[in-house]
Amino acid sequence: MRGDGAGPAVVLDLPGDGCWRVENSPARRVPSHGTDLLALRYAIDLVGTDADGRSARVVDWRTVLAVEPPERFVAFGRPVLAPVGGTVVRVHHGEPDHGGRRSPLTLLPYALGQAGRLRRGIAAVAGNHVVVARADGACVAVAHLRAGSVRVRVGQVVAAGEQVGTCGCSGNATEPHVHLQATDGPDPARARGLPFVFGAFEERSADGSWAPRRHAVPREGAVVRRA
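Remember, it's a predicted structure, so these values are computed and weren't measured experimentally. (Residues numbered from 1 in each chain as written. Predicted model: local features only at pLDDT ≥ 70, side-chain atom pairs only at ≥ 80, totals over all residues. Heavy atoms only, no water.)

Asker: Whenever I open this one, the overall build of the protein confuses me. Can you help?
Answerer: Counting its secondary structure elements, the protein contains four helices and 14 strands. Here the protein has a C-alpha radius of gyration of 16 Å; the compact-globule value for 227 residues is 17 Å, and the two agree. By principal-axis analysis of the C-alpha atoms, the protein measures approximately 50 × 45 × 30 Å. Expressed as a percentage of the 227 residues in the protein, the buried residues total 51%. Considering only contacts within the protein whose residues lie at least 6 apart along the sequence, 69% involve residues at least 24 apart. With the model as given, the accessible surface of the protein reaches about 10000 Å², and the carbon-plus-sulfur share is 53%. A distance of 2 Å separates the average location of the 28 positive side-chain charges in the protein from that of its 22 negative side-chain charges. (Helix = DSSP H or I, 4+ residues; strand = E, 2+ residues; numbered from the N terminus. Rg over C-alpha atoms; globule rule 2.2 N^0.38 Å. Buried < 20%, exposed > 50% of the residue type's maximum accessible area, 1.4 Å probe, protein only. Contact = heavy atoms within 4.5 Å. Areas by Shrake-Rupley, 256 points an atom, 1.4 Å probe, with all protein chains shown as cover. Lys, Arg positive; Asp, Glu negative; His and termini not counted. Charge placed at Lys NZ, Arg CZ, Asp CG, Glu CD.)

Rendered as C-alpha cells:
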C-alpha cells in the first residue's frame, strides 16, 4: 500500500456518534493540510456539531475578542471511537487542553506560533493521540484527545468502534475536534500518508435530509454522521 494515491485506500469508520463538520478534506485538495510533513498528506479534521451544525451553542464577547473555554464546544468530551480494528502501537497522553479560538484576534497570534509547535515535535502538534495498526501494516491516528481521557495502551487489540478516548483540544487545535490520518507506519515523523475513505456514512443535504454514502471522502464543509 502506498501513500502517493496509488493502491487501495484504507477504509475507515467515522470516529464517533453525533454530527461532524468536515474541515481540511482531502476531497478538496492534496496535501489536505497544505504539507506532507508528519504524514499529513491525506489527513482530515472532524469538528463535532449539534443537529443544527453549530460547533458551540454560546456566542458572546469571548467569541469575538478572546479565547473560549473548551467546555462550551459541542465536541468536547464526546466519545472517540477507533476508526479501524487492530493493535494499538502508539499512545501519547499528558498534554493539556486549551481554549477554543473562533475570533480572528486570537487566531492570528496562534497561527504565528505554528512553527514553534512543529519544532517541539509530534506531541505539540497532535496533542494526546492514539495510533492503531491493522494487520496489513497500515496505521490510523486519532489526535487532539482530551487530557486524561485516553483509555487504551500500547499492545492492546481494539475493535473498530471501540472507545479510545474523548474529543479534546490538545495539541495544535483551534477548537475541540478529531484529527484523523492513515499512514504506512506508526511514527508520523517517518511515515508517509495513505489515502482513505469512510466505508459508510450519511451526509446532510442542503434541504436538511440525510443521504447515504459509501466508500467516499466527504466534501469540505459537509456535515456527516455514522450510518
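That was the structure; now back to the text.
Asker: It is not clear to me how a nonpolar patch on the surface should be interpreted in this structure. Could you clarify?
Answerer: Together, Trp61, Val64, Leu65 and Leu105 make up a nonpolar patch on the protein surface, roughly 460 Å² of accessible area in all. The element best represented in the nonpolar patch is helix 1 (residues 61-65), accounting for three residues. By relative accessible area, Leu105 is classed as exposed at 56%. (Patch = residues over 30% accessible without salt bridge, like charges linked within 9 Å, V, L, I, M, F, W, Y side chains within 5 Å. Salt bridge = Lys/Arg side-chain N within 4 Å of Asp/Glu carboxyl O.)

Asker: How should the pairing of strand 5 (residues 86-92) be read in this particular structure?
Answerer: For a regular strand, side-chain orientation follows a simple rule: the groups alternate between the two sheet faces. Note that strand 5 and strand 8 (residues 157-158) share two bridges and pair antiparallel. Of the residues in strand 8, the one forming a bridge with Gly86 is Val158. (Pairing = 2+ DSSP bridges.)

Asker: Help me understand unusual backbone geometry in this model?
Answerer: With the exception of glycine, most residues fall at negative phi, and the peptide bonds are largely trans. The residue after Val30, namely Pro31, is reached through a cis peptide bond having omega 0°. Structurally, the position occupied by Pro31 is in the loop between strand 2 (19-23) and strand 3 (44-49). If you check the backbone angles, His144 has positive phi at about 70° while not being a glycine. Secondary-structure assignment places His144 in strand 7 (residues 139-145). In this structure His144 comes out as buried when scored by relative accessible area, which is 4%. The backbone phi angle of His215 is positive, close to 50°, even though this residue is not glycine. Mapped onto the fold, His215 is located in strand 13 (residues 210-216).

Asker: Looking at this structure, how should I read the pairing of strand 13?
Answerer: Summarising the sheet, strand 12 (residues 196-204) and strand 13 pair through six bridges and their orientation is antiparallel. The residue bridging Glu202 from the neighbouring strand is Pro212, located in strand 13. As consecutive antiparallel partners, strand 12 and strand 13 are separated by five residues, and within that stretch Gly208 has a phi angle of approximately 95°, a positive value.

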